[in-house]
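Observations on the model geometry
Below are the chains, spelled out letter by letter.
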Amino acid sequence: MNKKHKEILENIRNEFPILDQKINGEDLVYLDNAASTQKPKSVINAIKDYYENDHSNVHRGVHTLSVRATEAYENARSKVADFLNSPNKHQIIFTKGTTDSVNLIASSVTNLIQENDEILISSMEHHSNIVPWQELCKRTGAVLKVIPINENGELLIDEYEGMISDKTKLVSVVHLSNTLGTINPIEDIIRIAKSYNVITMIDGAQAAGHFPIDVQELDCDFYLFSGHKIFGPTGIGVLYGKEEILNKIDPYQFGGEMILKVTFEETTYNDLPHKFEAGTPNIAGAVGIGASIDFINNLDRDLCHQYEMELHDYALERLEKIEGINIIGKSANKSAIISFVIEGLHPHDIGTIINQKGIAVRTGHHCTMPLMDFYGIPGTVRASFSIYNNHAEVDKLIDAIKLAIKMLK
């Protein structure tokens with residue numbers, strides 16, 4: 001990477017005020033980006049400006065503040081639609097986050113699922129893409145099947161193709177594993193599913209902030225992600241859905257805004273997207289996610305991805321030189337996430353000592369307990385990188401790990 005590019009990335013770091021602090025007397029090194037990314041000044045200011053100047057309920061008032069709030073809210077929806085290349089903005093549903101989006105789908109497709117139908121997920125799914133489908137199967141008598149992986153953490157596509165059949169009604173797969181860093185071949189997954197007219201849902205929580213997503217090119221039926229993992233606020237998420245399916249399925253929450261007409265005898269649901277947005281929405285969250293998309297759109301995304309992977313490769317090279325370390329997740333197609341265990345040491349103990357040096361990593365099962373069972377481990381230490389990290393922080397991480405090993409062994 002040349003000097004000009006490094007200067008650009010250094011300036012980006014200055015946009016994140018939270019990074020300029022000390023933890024336990026040490027400069028903060030934030031390497032927990034797969035859990036949640038930090039927020040640039042532009043996102044923080046957009047939310048602050050909304051509350052100081054425009055706050056009101058949306059869609060329901062003719063007064064100026066309500067009109068301005070509605071414009072801000074719907075403008076954010078338009079930004080999300082463009083971000084995903086959705087054909088229309090009314091195919092964008094705002095939710096509380098990816099977990100809420102999965103639950104919305106798993107609840108709303110109940111009328112399309114019958115006894116002995118089959119739902120496919122993968123071995124590397126987050127709990128939020130496992131439990132809702134288990135509950136759907138309990139309600140309907142459908143069968144949940146799991147696509148296997150190999151030791152490198154890669155989906156076995158040939159086995160997936162052999163599993164899918166006329167009984168399969170829905171396939172729900174993570175785009176990018178939050179634990180392994182594996183980038184799944186979702187294009188192939190969707191293509192195979194479409195040959196059987198199977199509904200496809202892609203969990204894009206980890207992917208949306210790292211590389212462009214084109215839902216029309218992918219031809220998926222649903223794509224989901226969260227605001228807080230793309231430099232936006234918590235409590236706001238996105239569900240993209242194909243219009244035909246969104247019109248076919250039932251809402252799973254009921255109340256104001258999602259209705260067109262109510263009498264004591266019957267209710268008529270509102271048009272998209274309001275049909276799935278019951279009650280007063282997270283307006284400030286929508287404003288925040290719109291600002292985060294503006295921030296991302298102003299970046300050179302190819303450069304950012306290149307830099308994140310440069311940090312990943314540098315960290316991986318240094319980690320592999322540490323005696324007793326085992327990298328969990330060695331897919332040929334990876335993102336800037338590294339999970340590892342150290343022989344004889346518990347991940348939580350390592351994370352605790354690392355924190356004393358001001359370094360934030362994630363330890364535990366990362367809400368992927370079946371994946372931990374597959375590898376026969378209680379959890380991992382996970383370092384996940386973003387555009388505001390740097391090589392010096394990787395060096396600090398390595399030094400802290402070596403210190404933890406020295407103290408614990």
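Numbers given for residues are sequential positions, taken from 1 along each chain in its written order. pLDDT decides what is reported in this predicted model: residues at 70 or higher carry local features, side-chain atom pairs at 80 or more are listed and counted, and totals for whole chains, interfaces and linings draw on all residues regardless. Remark: hydrogens and water are excluded; side-chain values derive from all non-hydrogen atoms of the structure.

**Side note on the sheet that holds strand β17 (residues 380-384)**
- The strand order across the open sheet built from four strands is β13-β14-β17-β16, with neighbouring strands paired in antiparallel fashion. Lying at the two open borders of the sheet, with one neighbouring strand each, are β13 (325-328) and β16 (362-364). Sheet twist, expressed as the mean angle between neighbouring strand axes with direction ignored, is 30 degrees.
- Here, a strand pair is defined by DSSP locating no fewer than two bridges between the strands. Numbering of helices and strands starts at the N terminus; helices are DSSP runs of H or I of at least 4 residues and strands are runs of E of at least 2. Of the strand pairs in this sheet, β16 and β17 are connected by three bridges, and their pairing is antiparallel. Bridged to Thr363 within β17 is Val381. Axis definition: a line fitted to C-alpha atoms, over the contacting stretch in the case of helices. Angles run 0 to 180 degrees between N-to-C directions.

**Concerning the packing of aromatic side chains**
- Two aromatic rings, drawn from Phe, Tyr or Trp (for Trp, its six-membered ring), form a pair once their centres lie within 6.5 Å of each other, and the interplanar angle then sorts them: stacked below 30 degrees, edge-to-face above 60, tilted otherwise. Counted according to the given criterion, the structure contains nine aromatic pairs.
- Judged by centre distance (5.3 Å) and plane angle (50 degrees), the rings of Tyr73 and Phe94 are tilted. You can see Tyr73 sitting in helix α3 (residues 64-84) and its partner Phe94 sitting in strand β4 (residues 92-95), a full 21 residues away along the chain. Neither Tyr73 nor Phe94 differs from the other in exposure class; each is buried.
- Here Phe374 and Tyr375 contribute two aromatic rings whose centre-to-centre distance is 4.9 Å and whose plane-to-plane angle is 90 degrees, an arrangement assigned as edge-to-face.
- Phe374 gets classed as partly exposed once you look at its relative accessible area, which sits at 36%.
- Working definition: with a 1.4 Å probe on protein chains only, accessible area under 20% of the residue-type maximum means buried, over 50% means exposed, and in between means partly exposed. Classification of Tyr375 by relative accessible area gives buried; the value is 15%.
- One aromatic cluster is present, built from ring pairs that chain together Phe16, Phe231, Phe295 and Tyr388.

**Concerning the domain arrangement of the protein chain**
- An automatic or database domain assignment supplies the residue ranges for each domain. Assigned domains within the protein chain: domain 1 (3-30 + 300-408) and domain 2 (45-297).
- Each of domain 1 and domain 2 has a C-alpha centre, and these two points are 29 Å apart.
- Every contact between the two is made by 30 residues of domain 1 and, on the other side, 30 residues of domain 2.
- Definition used for salt bridges: Asp or Glu carboxyl oxygen within 4 Å of a side-chain nitrogen of Lys or Arg. Where domain 1 touches domain 2, the interface holds zero salt bridges.
- By the criterion applied in these results, polar contacts are pairs of N or O atoms within 3.5 Å in which, for protein atoms, one can donate a hydrogen and the other can accept it, and in which residues neighboring in sequence qualify only through two side-chain atoms. Counting across the interface, domain 1 meets domain 2 through 17 residue pairs in polar contact (both at pLDDT 80 or more).
- Every element with two or more residues in the side of domain 1 that touches domain 2 is listed here: α11 (301-319), β14 (337-342) and α13 (369-375).
- Looking at which element gives the most residues to the side of domain 1 that touches domain 2, the answer is α13, with six residues.
- Of the residues that constitute the side of domain 1 that touches domain 2, the class distribution is 15 nonpolar, ten polar and five charged. Contact between two residues is taken to exist if any of their heavy atoms lie within 4.5 Å; hydrogens are not considered. Under the grouping applied here, Gly and all other residues not named as nonpolar or charged are polar, the nonpolar ones being Ala, Val, Leu, Ile, Met, Phe, Trp, Tyr, Cys and Pro and the charged ones Asp, Glu, Lys and Arg.

**Things to note about the environment of Gln206**
- Inspection of the secondary structure puts Gln206 in the loop between β8 (199-203) and α8 (215-218).
- Residue classification places Gln206 among the buried residues on the basis of a relative accessible area of 8%.
- Linking Gln206 and Leu224, residues 18 residues apart in sequence, is a C-alpha distance of 9.9 Å.
- Sequence-distant contacts of Gln206, that is, excluding residues within four places in its chain, are made with Ala34, Leu176, Ser177, Asn178, Lys229 and Ile337.
- In this structure the side chain of Gln206 is engaged in a polar contact, spanning 2.7 Å, whose partner is the backbone oxygen of Ala34.

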